[in-house]
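# Structure assessment
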Amino acid sequence: TLFGVYGSPVQPTALADSISDAVGLNFLGEWNASPYVSLGLSYERTNFYYSPGFTLSMANFEGRLFPMANGKDKFSPYLYGGAGLNLSSVGGPFQLKAGVGTRVSMIGPLFLDLAVGSHWIQPPNDFQYVDVRAGLSWWLDLKTESQAADPQEDTRASLKEDFSFL
């Protein structure tokens, strides 16, 4: 999944007052363990613009919880959360993040993925920012034809990857 990201810091107040916005990219590769849960690894890079600006790079483990089965209907709303390591010298060593989003079925295996969330960079030099992200997802089902033809096969355990690009 490759998301385009737009965000803004909200805490501490001095940082929130001095920075107008942030833009970045987020790449997420995930495995759909069931139609209701996905787990993945992501890399995100966000550029905060002010004088002087800074860049935040993170490696994350994250998951999504789909209250309705993912990919079965036109809309698949979800809650997401994750924890990660800060790969840059700005902020503390860890990040926590959480948010809500939806996947909108388009054509075949293509989905529009939209989400809003909050990120907490841990102390020392802690701060918080919120973001909006949008991406185009491509769902790749890696089951073989013989597995797909077997009606007894438990499709919840099939390996599915989600790729997106902006």
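Above this text sits the structure in question.
Residues numbered from 1 in each chain as written. Predicted model: local features only at pLDDT ≥ 70, side-chain atom pairs only at ≥ 80, totals over all residues. Heavy atoms only, no water.

## Section: the overall build of the chain
- On a plain count of helices and strands, the chain comes out with 2 helices and 9 strands.
- Helices (α) and strands (β) of the chain occur, in sequence order from the N terminus, as β-α-β-β-β-β-β-β-β-α-β.
- A total of 166 residues make up the chain; the buried ones form 42% of that total.
- Across the chain, the fraction of contacts at a sequence separation of at least 24, relative to all contacts at a separation of at least 6, is 54%.
- When the accessible area of the chain is evaluated, it comes to approximately 8,400 Å², of which 67% is carbon and sulfur surface. (Helix = DSSP H or I, 4+ residues; strand = E, 2+ residues; numbered from the N terminus. Buried < 20%, exposed > 50% of the residue type's maximum accessible area, 1.4 Å probe, protein only. Contact = heavy atoms within 4.5 Å. Areas by Shrake-Rupley, 256 points an atom, 1.4 Å probe, with all protein chains shown as cover.)

## Looking at the packing of aromatic side chains
- One pass over the structure, following the stated rule, counts 8 aromatic pairs.
- For the pair tyrosine 78 and tyrosine 80, a centre-to-centre distance of 6.4 Å together with 55° between the ring planes defines the contact as tilted. No difference in accessibility class separates tyrosine 78 from tyrosine 80, as the two residues are buried.
- A network of ring pairs unites the aromatic residues Phe48, Phe54, Phe127 and Tyr129 as a single cluster.
- Across the ring face of tyrosine 78, the terminal group of arginine 64 is positioned such that the distance to the ring centre comes to 4.6 Å.
- The ring of phenylalanine 111 has arginine 103 sitting right over it, with the charged end atom 4.2 Å from the ring centre. (Phe/Tyr/Trp six-rings, centres within 6.5 Å; stacked < 30°, edge-to-face > 60°. Lys NZ or Arg CZ within 6 Å of the ring centre and 35° of its normal.)

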